[in-house]
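# Understanding the architecture of this molecule
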Amino acid sequence: MSGRWSPVRRVLSLAAVLGLWQALTTYDVNLWLRFEQFPTVGEIGRAFADRVAGDAYWQDLTDSLTRIVTGFALAAVLGVTVGTAVARSRIAADLLGPVLEVLRPVPAIALVPVAILLFPSNEQGIVFITCTAAFFPVMVSTRHAVRALTPVWEEAVLTMGGGRRRVLWSVVLPGALPGILGGLSVGIGVSWICVISAEMISGEYGVGYRTWQDYTVVDYPGVFVGMATIGLLGWLTSTAVELLGRRLTRWLPRTESRPAAPARRRRPAPAAPAAPSVRTAQERVRS
């Protein structure tokens, strides 16, 4: 019963937030937070309809999605490969570990000057920043997941005659898959943050570039249209990663459980008739 009403509750929560926004902006509420300069939900909706009707909106959408998919795919491949190598090989850990630990705290958006100097086009630089942003969450999650595997599984495969490649594809990667998927979920969110920031700084097209241009010309409804578009794109891509993870881990037991149905009260069983006593039976015989 609770799961049946879950979509309704989600829609109602979103409607409540939009209704509160509309009320605060319509009546210009200024209680420490100032809503008088905020556009109303109706103004944002009209601006969104105007943007969707034009070609520039879809061009920006296509550019941002192309950048995020390309950078995230590269980060997924490199992150899983490097994370597995660092976790499984002492030589790789000694050679790559110090370099990765020095670069990991550097924010990916701080690499914009490096990307401008390194790559011949802004498009390649933005993909590089997006890939770097997602690479480290995927790499760290993969490294920890591989190191946490129990050695009994690997020893069992080796005992049955399997080689290192067999161990990698039958034990290491399947066993570390839940941790890898966790890193991918974090990486896709970080990628959106960095790709939008990079588009604002050095992009020519894209949702981030268009949102920043709307801000410079004081088009606040357009700014919120860009923010809503970014939120929807991030939600869709995160959902896609989660659905892919569930499909790849169908063999794992699910920890989610449905609420148990209330137990039905059982009616007490009717009492069995009492056996007649010996004295009662004797009285009946005498009579």
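The structure displayed is predicted, hence computed values, not measured ones. Going along each chain's sequence as written, the residues are numbered from 1 onward. Local features in this predicted model are restricted to residues whose pLDDT is 70 or higher, and side-chain atom pairs enter the listing and the counts only when it is 80 or higher, whereas totals over whole chains, interfaces and linings include all residues. Hydrogens and waters are ignored; side-chain quantities use all the structure's heavy atoms.

Even without glycine at this site, Asp28 takes up a positive phi of about 50°. One non-glycine residue, Trp32, lies in the positive phi region at around 70°. Each helix is a run of DSSP H or I of at least 4 residues and each strand a run of E of at least 2, with the numbering of both proceeding from the N terminus. By secondary structure assignment, the location of Trp32 is in the loop between strand S1 (30-31) and strand S2 (33-34). Accessibility expressed as a relative area gives 80% for Trp32, which makes it exposed. Type-normalised accessible area, obtained with a 1.4 Å probe on protein chains alone, sets the label of each residue: buried when under 20%, exposed when over 50%, and partly exposed for intermediate values.

Points on a 1 Å grid over protein atoms alone make up a cavity when a 1.4 Å probe fits among them but cannot get out, and a pocket when they form an open set with protein on both sides within 12 Å along at least five of seven lines; lining residues each have an atom within 4 Å of a point. Grid points are joined across faces, edges and corners, and a volume is the space filled by probe spheres set on the points. Taken as a whole, the largest pocket encloses approximately 380 Å³ of empty space. Every residue lining the largest pocket is listed: Leu14, Leu18, Trp21, Val41, Ile44, Gly45, Phe48, Phe224, Val225, Met227, Ala228 and Leu232. Of all the secondary-structure elements, those providing two or more residues to the lining of the largest pocket are helix H1 (6-26), helix H2 (41-52) and helix H10 (220-248). When residues of the lining of the largest pocket are assigned to their parent elements, the largest contribution, five residues, is made by H10. Throughout, the ten residues Ala, Val, Leu, Ile, Met, Phe, Trp, Tyr, Cys and Pro are labelled nonpolar, Asp, Glu, Lys and Arg are labelled charged, and all others, Gly among them, are labelled polar. Within the lining of the largest pocket, the residues separate by chemical class into eleven nonpolar, one polar and no charged.

The subject of this paragraph is the packing of aromatic side chains. Pairing of aromatic rings covers Phe, Tyr and Trp, the last through its six-membered ring, and needs centres within 6.5 Å; plane angles under 30 degrees mean stacked, over 60 mean edge-to-face, and all others mean tilted. Scanning the model with the defined rule gives nine aromatic pairs in all. Ring centres 5.9 Å apart and planes at 80° place the aromatic pair Phe48 and Tyr57 in the edge-to-face group. Phe48 gets classed as partly exposed once you look at its relative accessible area, which sits at 31%. Their ring planes at 85° and their centres at 5.3 Å tell us that Tyr57 and Trp58 sit as a pair that is edge-to-face. On the basis of relative accessibility, which here comes to 14%, the residue Tyr57 falls in the buried class. On the basis of relative accessibility, which here comes to 43%, the residue Trp58 falls in the partly exposed class. A connected cluster of aromatic rings, assembled from ring pairs, spans Trp21, Phe35, Phe38 and Phe224.

Right, let's talk about the side chain of Thr40 for a bit. Mapped onto the elements of the fold, Thr40 is located in the loop between S2 and H2. Residue contacts are defined here by distance: any two heavy atoms, one from each residue, within 4.5 Å place the two residues in contact. Once residues lying within four places of it in the same chain are set aside, the contact partners of Thr40 are Gln22, Thr25 and Thr26.

Now for the nonpolar core. Leu100, Ile129, Phe135, Met139, Leu184 and Trp192 are the most contacted members of the largest nonpolar core, which totals 49 residues. For this core, the secondary-structure elements that each account for two or more residues are H2, helix H3 (55-88), helix H4 (90-103), helix H5 (112-118), helix H6 (122-147), helix H8 (164-202) and H10. The element that contributes the greatest number of residues to this core is H8, accounting for 14 residues. Contacts of Phe135, omitting those with residues within four sequence positions, involve Ala75, Leu78, Gly79, Val82 and Leu100. Residues enter a nonpolar core if they are buried and are Ala, Val, Leu, Ile, Met, Phe, Trp, Tyr or Cys, with the set joined through side-chain atoms within 4.5 Å.

Moving on to the packing of H4 against H6. Orientation is described by lines fitted to C-alpha atoms, with helices fitted over the stretch in contact, and by angles between N-to-C directions that extend from 0 to 180 degrees. Here H4 crosses H6 at 135°, and the two axes come no closer than 11 Å. In terms of orientation, H4 lies oblique with respect to H6. Read as a crossing pair, H4 and H6 show a hand that is left-handed. Facing Leu100, Glu101 and Leu103 of H4, the residues of H6 in contact are Phe135, Phe136, Met139 and Arg143. Per-class residue counts for the contact of H4 with H6 are five nonpolar, no polar and two charged. Orientation categories follow fixed angle ranges, with anything under 35 degrees roughly parallel, anything over 145 roughly antiparallel, 65 to 115 roughly perpendicular, and all other angles oblique. In this scheme the crossing of two helices becomes right-handed for a clockwise turn of the near helix relative to the far one and left-handed for an anticlockwise turn of less than a right angle.

Relative to the elements of secondary structure, Thr237 occurs in helix H10. Counting of polar contacts relies on pairs of N or O atoms within 3.5 Å, with two restrictions inside protein: one atom must be capable of donating a hydrogen and the other of accepting it, and residues adjacent in sequence are counted only when both atoms are side-chain atoms. Within polar-contact distance, the side chain of Thr237 engages the backbone oxygen of Gly234 at 3.0 Å.

Relative to the helices and strands, Arg166 resides in helix H8. Sequence separation between Arg166 and Glu154 is twelve residues; the distance between their C-alpha atoms is 9.4 Å. Setting aside residues no more than four positions away along its own chain, Arg166 makes contact with Val157 and Val171.

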